[in-house]
Amino acid sequence: MNVKSRARLGAALAVAALGLGAALAPAAQADPSPVTQYRTLAGVGSDTTQDVLNGLGNVVTNAFGQKIIASWDATGTATVKTKATGCVINRPNGSSAGIDALRNAVDTASGCLDFARSSRGPADASTTDLTWIPFAKDAVSWVKRSDSALPSDLTAAQLKAVYECTTTSLNGVALTPILPQSNSGTRQFFLSSIGVTTPGTCVQQGVQENDGTVLDSAGDIAPYSVAQYTAQEKAVVTDRRGAAVLGSVGTVAPRNADKTLNLSFPFTRDVYNVVPTAKLTNATVASTFVGSTSKVCAAGTTITAYGFGTLGAGCGTTTLKGER
């Protein structure tokens, strides 16, 4: 078993311990507490936006002061119970898994899920069953170890060559490119941004995204959500950076001097809450997610506290429809 395999096993054991109550995560990075507090809108999906949705879940309330959003993390116990009656489902890990679970809830009319977290847009715009509602801005850069001799700046073309395995070393350091698991929206966005359709055989795949502790050798590089990096650095959420430091792309840094998101960075993206299109007229769904004055869009202080940028008038639009 190599070092990264041991790291993944350790992470899995830690997750199992969480499920047994052997450890406690910070309140901002956990399933709804108590888990028996079944709120009106239940969601699953993206690792990247799980923490900011947990934060929004604590501040978005109805007219009676009751919390509306229940958002389950990408990792944890094997199953989650999303509603008071029935609705025990396998925990979806990542944007695509969350979208699949939401679509299944719609197709079976189970009522178990109301939204999915997604850090990518729809893959199939030919259908209109689901609507992607943007609520924040993020970017994806790449990370290396702070003690590595690898360059701190790479072009998109260089990253493409690294992940297609046509470039295998830089500055005399043998490269080990790493990718998140296949359901990760960050993985899909990063590969699309650098123009890679099929990663090369040298790429180590399947790690949990936004976890710098998997970088255990000088040649390791991996994509990383800039918002997640910032939130971890600020200790708003559990710090999983390890020795990872953010790299630049084409001499453009992913963050400004004050560590806010650099909107001039080439790999910026909107992040979304995905809802069934048929539910856009539901009063609770609309007031929570739809439009720039919706409760989520109005919670700009919470959004920026988790490292994301706000969208202004573009927040809460409902024009982007599709399926996985």
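Check the entry above for the structure.
Just so you know, these numbers come straight off a predicted model, no measurement behind them. (Residues numbered from 1 in each chain as written. Predicted model: local features only at pLDDT ≥ 70, side-chain atom pairs only at ≥ 80, totals over all residues. Heavy atoms only, no water.)

1. Concerning the nonpolar core
One recurring pattern in soluble globular proteins is that nonpolar side chains are buried together. Judged by nonpolar contacts, the single largest core of 35 residues is most densely connected at Val143, Leu159, Tyr163, Ile194 and Ile221. The set of elements that each furnish at least two residues to this core consists of β6 (130–145), α4 (156–163), β10 (176–180), α5 (185–194), β12 (220–225), α6 (226–233) and β13 (244–246). Ignoring anything within four residues of it in the chain, the contact list for Tyr163 reads Pro177, Ile178, Leu179, Phe190, Ile194, Val196, Pro199, Gly200, Val203, Ile221, Ala222 and Pro223. Residues Val60, Ala231, Val275 and Val285 belong to the second largest nonpolar core, which totals 27 residues. (Core = buried A, V, L, I, M, F, W, Y, C linked by side-chain atoms within 4.5 Å. Buried < 20%, exposed > 50% of the residue type's maximum accessible area, 1.4 Å probe, protein only. Helix = DSSP H or I, 4+ residues; strand = E, 2+ residues; numbered from the N terminus. Contact = heavy atoms within 4.5 Å.)

2. Focus: the environment of Ser294
Relative to the helices and strands, Ser294 resides in the loop between α7 (283–289) and α8 (300–305). Through-space distance from the C-alpha of Ser294 to that of Phe135 is 9.8 Å; in sequence the pair is 159 residues apart. Not counting the four nearest positions on each side in its chain, Ser294 is found in contact with Ala286, Ser287, Thr288 and Phe289. Among the polar contacts listed, one links the side chain of Ser294 to the backbone oxygen of Phe289, at a separation of 3.5 Å. (Polar contact = N/O pair within 3.5 Å; in protein donor to acceptor, adjacent residues only side chain to side chain.)

3. Concerning the packing of aromatic side chains
Here the structure, examined in full by the defined rule, presents 4 aromatic pairs. With 5.3 Å between their ring centres and 80 degrees between their planes, Tyr163 and Phe190 make a pair best called edge-to-face. A residue pair is termed long-range when its members are at least 10 positions apart, and Tyr163 in helix α4 and Phe190 in helix α5 qualify at 27 residues. Of the two residues examined, Tyr163 and Phe190, each falls in the buried class. (Phe/Tyr/Trp six-rings, centres within 6.5 Å; stacked < 30°, edge-to-face > 60°.)

4. Considering the pattern of salt bridges
Throughout the structure, instances matching the rule amount to 13 salt bridges. The shortest N-O distance in the salt bridge between Lys160 and Glu164 comes to 2.9 Å. Residue Lys160 is classed as partly exposed on the basis of its relative accessible area of 29%. Within the structure, one salt-bridge network assembled from shared partners comprises Glu233, Asp239, Arg241, Arg255 and Lys259. (Salt bridge = Lys/Arg side-chain N within 4 Å of Asp/Glu carboxyl O.)

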